[in-house]
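Close look at the chain arrangement
Here is how the chains run, residue by residue.
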Amino acid sequence: QEQLVESGGGLVQAGGSLRVSCTVSRSGFSITSWAWYRQAPGNQRKWVAIITRFGVPSYTDSVKGRFTISRDNAKKTVYLQMNSLKPEDTGAYYCNVAGATTSNSWGQGTQVTVSS
């Protein structure tokens, strides 16, 4: 059964940095595009960063220049380095395949809280 385990969240002051990680236990990791999603309180889960199987990243406008997504195929792990954090970055962070919907299986997420 596929498992997605996110970790690395925490409480940080505005302007600080965090790196969250997602370890995936499924076959085909290296040929899959992966994404990080964020669910802010009272809002729907939305994607913030995608990395293709070739390592090409894409970012939603609000995090461009501040977040960096990366992957380690040998470890089946996806990372999200978050710098210059803002209070509006607060939320639960999840990883999943790019284009995942509510029909996909999701992990427990990792909470990121940015204080002003």
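See the structure above.
Residues numbered from 1 in each chain as written. Predicted model: local features only at pLDDT ≥ 70, side-chain atom pairs only at ≥ 80, totals over all residues. Heavy atoms only, no water.

So, the overall build of the chain
When its secondary structure is counted, the chain shows 0 helices and 10 strands. Each helix (α) and strand (β) of the chain, taken in turn from the N terminus, gives the series β-β-β-β-β-β-β-β-β-β. Taken over C-alpha atoms, the radius of gyration comes to 13 Å for the chain, in line with the 13 Å a tight globule of 116 residues would show. When the backbone C-alpha atoms are referred to their principal axes, the chain occupies close to 40 × 25 × 20 Å. Here the chain holds 116 residues, and 41% of them are scored as buried. Excluding contacts between residues fewer than 6 apart, the proportion of contacts in the chain whose partners are at least 24 apart in sequence is 54%. When the accessible surface of the chain is totalled, it reaches about 6100 Å², and 47% of it is carbon and sulfur. If you average the places of the 12 positive and of the 6 negative side-chain charges in the chain, the two averages end up 4 Å apart. (Helix = DSSP H or I, 4+ residues; strand = E, 2+ residues; numbered from the N terminus. Rg over C-alpha atoms; globule rule 2.2 N^0.38 Å. Buried < 20%, exposed > 50% of the residue type's maximum accessible area, 1.4 Å probe, protein only. Contact = heavy atoms within 4.5 Å. Areas by Shrake-Rupley, 256 points an atom, 1.4 Å probe, with all protein chains shown as cover. Lys, Arg positive; Asp, Glu negative; His and termini not counted. Charge placed at Lys NZ, Arg CZ, Asp CG, Glu CD.)

Here's the deal with the pattern of salt bridges
Applying the stated rule across the entire model yields 3 salt bridges. Residues aspartate 89 and arginine 38 are paired through a salt bridge, measuring 3.1 Å at the closest nitrogen-oxygen approach. Of this pair, aspartate 89 sits in the loop between strand E8 (77–82) and strand E9 (91–97) while arginine 38 sits in strand E4 (residues 34–39), placing them 51 residues apart in sequence. Both residues of the pair, aspartate 89 and arginine 38, count as buried. (Salt bridge = Lys/Arg side-chain N within 4 Å of Asp/Glu carboxyl O.)

A few points about the pairing of strand E5 (residues 45–51)
One ladder, built from 6 bridges, connects E4 with E5; its direction is antiparallel. Paired with tryptophan 36 across the two strands is alanine 49, which belongs to E5. Linking two consecutive strands that pair antiparallel, namely E4 and E5, is a turn of 5 residues; a positive phi of about 75° is found at glycine 42 within it. In this structure, E5 lies alongside strand E6 (residues 57–59), joined through 3 bridges in antiparallel fashion. Bridge pairing in E6 places isoleucine 50 opposite serine 58. In this antiparallel pair of consecutive strands, E5 and E6, the connection spans 5 residues, and glycine 55 shows a positive phi of 85°. (Pairing = 2+ DSSP bridges.)

Some remarks on the state of the cysteines
Under the counting rule described, the total for this entry stands at 1 disulfide. Each sulfur of the disulfide joining cysteine 22 and cysteine 95 lies 1.6 Å from the other. Of this pair, cysteine 22 sits in strand E3 (residues 18–25) while cysteine 95 sits in strand E9, and the two are 73 residues apart along the sequence. A relative accessible area of 0% means that cysteine 22 is categorised as buried. In this structure cysteine 95 comes out as buried when scored by relative accessible area, which is 0%. (Disulfide = S-S within 2.5 Å.)

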